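Structural features, examined
Single-letter residue listing:
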Amino acid sequence: MRVLITTVFFVALAALVGCSGDPEATPPLRLVREDPTNLPLRGLTDEEQAGFTRGDVLFDREHLPSQGLGPVYIRTSCASCHARDGRGPGLVERAIEVGEDGFTPLPVQAAMPYGPVLRPYYVAPATRSIDVVAGSTARLLRSVRIGPAVFGRSWMEAIDEAEVVRVAADEARVGRVHGRVPRLADGRLGRFGLKSRVATLEDFAADAFRGDMGLTSPVFPTEVANPDGLTDDGRPGVDLTMDTVRDVGAYVAALAIPRREGLTAEGRAAFERARCSDCHTPSMRTRADARPRVLSSANAEVFTDMLLHDMGRELADGSAEAGAGPRDWRTAPLMGLRHFRSFLHDGRARTLEEAVRLHGGDGSDANDSVAAFDRLSPTDRALLLDYVGRL
Ligand code: HEC
Ligand code: HEC
């Protein structure tokens, strides 16, 4: 124990003096690595807790072909891409045919006729997976999305829509950043997915069951398009009941934000001076009728404005989804980052500092913030990164 405490102390000290180098030594990862990331919100009712527990089992379940897995799929369980409700290790690969500029999607996607998502596995009666059409010479923008953490999304679901609209109006008025309210085709607010294409966690669970595992439900009763033209798998009809979708939705909707500790006022001040808070809004007000009830009329400390920002061509993945364009991303919530081994949608940043620098690029809404970060003294930069690593 003494050795551990001493190590933690020196690693923390190294962070404060700004020692970097070996990314494996990134201090926030070591500090409280053993902390659980899969805890429910405090103060759930017995009924809410029971739903959480049922959903927990389903979230970890490895699905079999006899349960309706396939015909094509990416992984067999939610947990394979959201281990302990955190980030990865599973991921989703995508390929999009783009024009001359390297990121604008072409109207016809001849190289990926079944959509942009690669689905590397299949089960009988399927005979093929979903991949880029063989021999295609199309200009493809390939990208990766690591399964983002799902903890703390309860708070993002509870945020009052009027608050999101207000924050967008504030950003437009002040003019330092330009977030856009993510609207779905049906007018609802998009909250989930890296480009805010889904409104609720229950919808997301149904979407993930079908899209990632080929498990259909009353919400999405048909299989994804596939090269064999199959409309069903080895298990006839809809694979999951509505109760299953609801329980998994309720599980994710009751996960807490991992414990935060050691946040300093100096770190927070540097975070604001570097204008990180322009997009990573520290706190958003929740609805009075938000459920579970512990989420109602409270401050959701999510560190996201829930808005879409143009992050420039370097981070572009060519995908236009719902209200988001090929260069847009939802401001990532800053929660439990010490549990991650890499950052940004595809994990291209190995350290928090690298993540900040990669916000900058041709046309990025975050360029001024990166410049402000660079103007901080080395001590303030270290304080800022220490702060972010504890969120
Ligand atoms: C193959 C990997 C994979 C599997 C399996 C998977 N996910 Fe995901 N999940 C992802 C990726 C990648 C994203 C980001 C998707 C996007 O941007 O549209 C995501 C996003 C999410 C989000 C939104 C998080 C946010 O910040 O908006 C939720 C909630 C979620 N998944 C829940 C689930 C549930 C529940 C299951 C099981 C039914 C599941 N996922 C299965 C990879 C996976
Ligand atoms: C213009 C809005 C904007 C500003 C300003 C901004 N960010 Fe971000 N941030 C984003 C978006 C959008 C993403 C997601 C990008 C992606 O995944 O490719 C992100 C992602 C991140 C991530 C990665 C999170 C993860 O889950 O991998 C970190 C860390 C981060 N920002 C920290 C900061 C810090 C620190 C600052 C200030 C120096 C800052 N950001 C300024 C919009 C912004």
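A brief structural summary. Just so it is clear, the model here is predicted, and its values are computed rather than measured.

**Focus on the pattern of salt bridges**
Following the criterion strictly, the structure yields 30 salt bridges and no others. The residue Arg 173 makes a salt bridge to Asp 170 at a minimum N-O spacing of 3.1 Å. Of this pair, Arg 173 and Asp 170 both sit in helix H5 (residues 161-174), three residues apart, roughly one helical turn. Overall, Arg 173 belongs to the exposed group, its relative accessible area being 63%. For Asp 170, a relative accessible area of 27% puts it in the partly exposed group. In this structure, Asp 310 and Arg 327 form a salt bridge, with 3.1 Å as the shortest nitrogen-oxygen distance.

**Describing the site of ligand 2**
Of all residues adjacent to ligand 2, which total 27 residues, the nearest are Cys 276, Cys 279, His 280, His 345 and His 359. Leu 344 places a polar main-chain atom, nitrogen or oxygen, 2.7 Å from an oxygen atom of ligand 2. Here His 359 contributes a side-chain N or O atom positioned 2.8 Å from a nitrogen atom of ligand 2. Within the residue set of the shell around ligand 2, elements represented by two or more residues are strand S8 (328-330), helix H10 (352-357) and helix H12 (378-389). The class makeup of the residues in the shell around ligand 2 is 17 nonpolar, six polar and four charged.

**Topic: the nonpolar core**
Within the largest apolar cluster, 66 residues are counted, with the highest numbers of intra-cluster contacts made by Phe 59, Trp 155, Val 302, Leu 384 and Val 388. Put simply, the parts of the chain that give this core at least two residues each are helix H3 (46-60), helix H4 (153-158), H5, helix H6 (201-213), helix H7 (242-252), helix H8 (265-273), H10 and H12. If we skip the residues at most four places from it in the chain, Trp 155 touches Leu 41, Ile 257, Thr 286, Val 294, Leu 295, Ala 298, Asn 299, Ala 300 and Val 302.

**Examining the packing of aromatic side chains**
Aromatic ring pairs are reported here in terms of the distance separating the ring centres and the angle at which the planes meet. One pass over the structure, following the stated rule, counts eight aromatic pairs. Consider the rings of Phe 59 and Tyr 251, whose centres lie 5.3 Å apart with planes at 50 degrees: the pair is tilted. Of this pair, Phe 59 sits in helix H3 while Tyr 251 sits in helix H7, and the two are 192 residues apart along the sequence. Overall, Phe 59 belongs to the buried group, its relative accessible area being 3%. Classification of Tyr 251 as buried rests on a relative accessible area of 2%. Ring geometry for Phe 271 versus Tyr 387: centroids 5.6 Å apart, planes at 50 degrees, classification tilted. In this pair, Phe 271 sits in helix H8 while Tyr 387 sits in helix H12, placing the two residues 116 residues apart along the sequence.

What counts and what doesn't
- Residues numbered from 1 in each chain as written.
- Chains lettered and ligands numbered in written order.
- Predicted model: local features only at pLDDT ≥ 70, side-chain atom pairs only at ≥ 80, totals over all residues.
- Heavy atoms only, no water.
- Salt bridge = Lys/Arg side-chain N within 4 Å of Asp/Glu carboxyl O.
- Helix = DSSP H or I, 4+ residues; strand = E, 2+ residues; numbered from the N terminus.
- Buried < 20%, exposed > 50% of the residue type's maximum accessible area, 1.4 Å probe, protein only.
- Near = heavy atom within 4 Å.
- Polar contact = N/O pair within 3.5 Å; in protein donor to acceptor, adjacent residues only side chain to side chain.
- Nonpolar A, V, L, I, M, F, W, Y, C, P; charged D, E, K, R; others polar.
- Core = buried A, V, L, I, M, F, W, Y, C linked by side-chain atoms within 4.5 Å.
- Contact = heavy atoms within 4.5 Å.
- Phe/Tyr/Trp six-rings, centres within 6.5 Å; stacked < 30°, edge-to-face > 60°.

Read these as geometric descriptors, not functional statements.
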